Amino acid sequence: MWHHPHHAHSRLPRGRAVEQCLDALGAERLDALENAAGWKWRQRRWASYTEMNWSQYDICEHVLDRQFDVIIADNVWEHLPYPARATRHVLQMLRTGGMFINITPFLIRRHLVPTDCTRWTEMGMRYFLEDCGFDPTAIHTGSWGNRAAVRANFNRWARTGWRRRLPNARDFPVTVWAFARKPE
């Protein structure tokens, strides 16, 4: 219910950033949980992969009875009515030193799938994650976007080919991502 098709052009740069992070962590040795699972991260090689999908589990209300090395929320948190509660649940489900990867849109049109509640800048995401219990020195953020990408999403979900140039203009973030480690 929380997962929706997003604009392909913003998925490329943030996908590269997440892939690099997972490569550095050694994903094949990690137990992963994906909230509102999509196709992309399920295909990666993990020690174990678990899905926490809305119809069975609401991250705002439920905590699974096991812990994970990495938890991924890919374009989910903007739909949650209680994102702080959900983030505290993530902390409970992460092993000490585990990584929360949170990807959210910013400058895109509203998309009610079924709700659309919140947006964060990179700075806002860092403050939010710190307020929920993550160590501010262990939170790293990134963003991607440009004027053309923002304009392209005014009337419809824009798509772009794989070979199109993707310049980044930091003042026009279409998507924001964060890597946050659970404190020791």
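Residues numbered from 1 in each chain as written. Predicted model: local features only at pLDDT ≥ 70, side-chain atom pairs only at ≥ 80, totals over all residues. Heavy atoms only, no water.

1. Focus on the confidence of the model for the chain
And then number 1: Chain-level pLDDT for the chain is 87 on average; 87% of the residues reach the 70-or-more range.
And then number 2: Low pLDDT, under 50, characterises residues 1-10; the stretch is placed with 52 contacts to residues that sit more than four places away or in other chains. (pLDDT = per-residue confidence, 0-100. Contact = heavy atoms within 4.5 Å.)

2. Quick notes on unusual backbone geometry
And then number 1: The residue after Val 113, namely Pro 114, is reached through a cis peptide bond having omega -15°.
And then number 2: Note on placement: Pro 114 falls in the loop between β4 (94-105) and α4 (122-131).
And then number 3: Although it is not a glycine, Ala 36 adopts a positive phi angle of roughly 55°.
And then number 4: Relative to the helices and strands, Ala 36 is located in the loop between β1 (31-35) and α2 (39-42).
And then number 5: A positive phi angle, near 60°, is found at Asn 75, a position not held by glycine.
And then number 6: Take Asn 75: it is sitting in the loop between β3 (68-74) and α3 (83-93).
And then number 7: Residue classification places Asn 75 among the buried residues on the basis of a relative accessible area of 3%. (Helix = DSSP H or I, 4+ residues; strand = E, 2+ residues; numbered from the N terminus. Buried < 20%, exposed > 50% of the residue type's maximum accessible area, 1.4 Å probe, protein only.)

3. Overview of α3
And then number 1: Buried residues of α3: Pro 83, Ala 86, Thr 87, His 89, Val 90, Leu 91 and Met 93, and no others.
And then number 2: The elements touched by buried residues of α3 are β1, β2 (48-52), β3, β4 and α4.

4. Quick word on the packing of aromatic side chains
And then number 1: Evaluation of the coordinates by the stated rule reveals three aromatic pairs.
And then number 2: Taken together, a centroid distance of 6.0 Å and an interplanar angle of 15° make the contact between Phe 100 and Phe 134 stacked. Remark: Phe 134 occurs in the loop between α4 and β5 (139-144) and Phe 100 occurs in strand β4; sequence separation between them is 34 residues.
And then number 3: Both rings, one in Trp 120 and one in Phe 128, keep their centres 5.0 Å apart while their planes meet at 40°; by these two values the pair is tilted.
And then number 4: The class for Phe 128 is buried, based on a relative accessible area of 13%. (Phe/Tyr/Trp six-rings, centres within 6.5 Å; stacked < 30°, edge-to-face > 60°.)

5. Quick word on the environment of Gly 38
And then number 1: Looking at where Gly 38 falls in the secondary structure, it is placed in the loop between β1 and α2.
And then number 2: In this structure Gly 38 comes out as buried when scored by relative accessible area, which is 9%.
And then number 3: Counting along the chain gives 36 residues from Gly 38 to Asp 74, while the straight-line C-alpha distance between them is 8.1 Å.

6. A closer look at the sheet that holds β1
And then number 1: Here six strands make up an open sheet; going across it, the order is β2-β1-β3-β4-β6-β5 and the pairing mixed. Sheet topology places β2 and β5 at the edges, where each strand pairs with a single neighbour. The average angle at which neighbouring strand axes cross in this sheet is 15°, direction not considered.
And then number 2: On top of the sheet, α3 reaches β1, β2, β3 and β4; it is set at about 145° to β4, its chief contact. (Pairing = 2+ DSSP bridges. Axes fitted to C-alpha atoms, helices over the stretch in contact; angles between N-to-C directions.)

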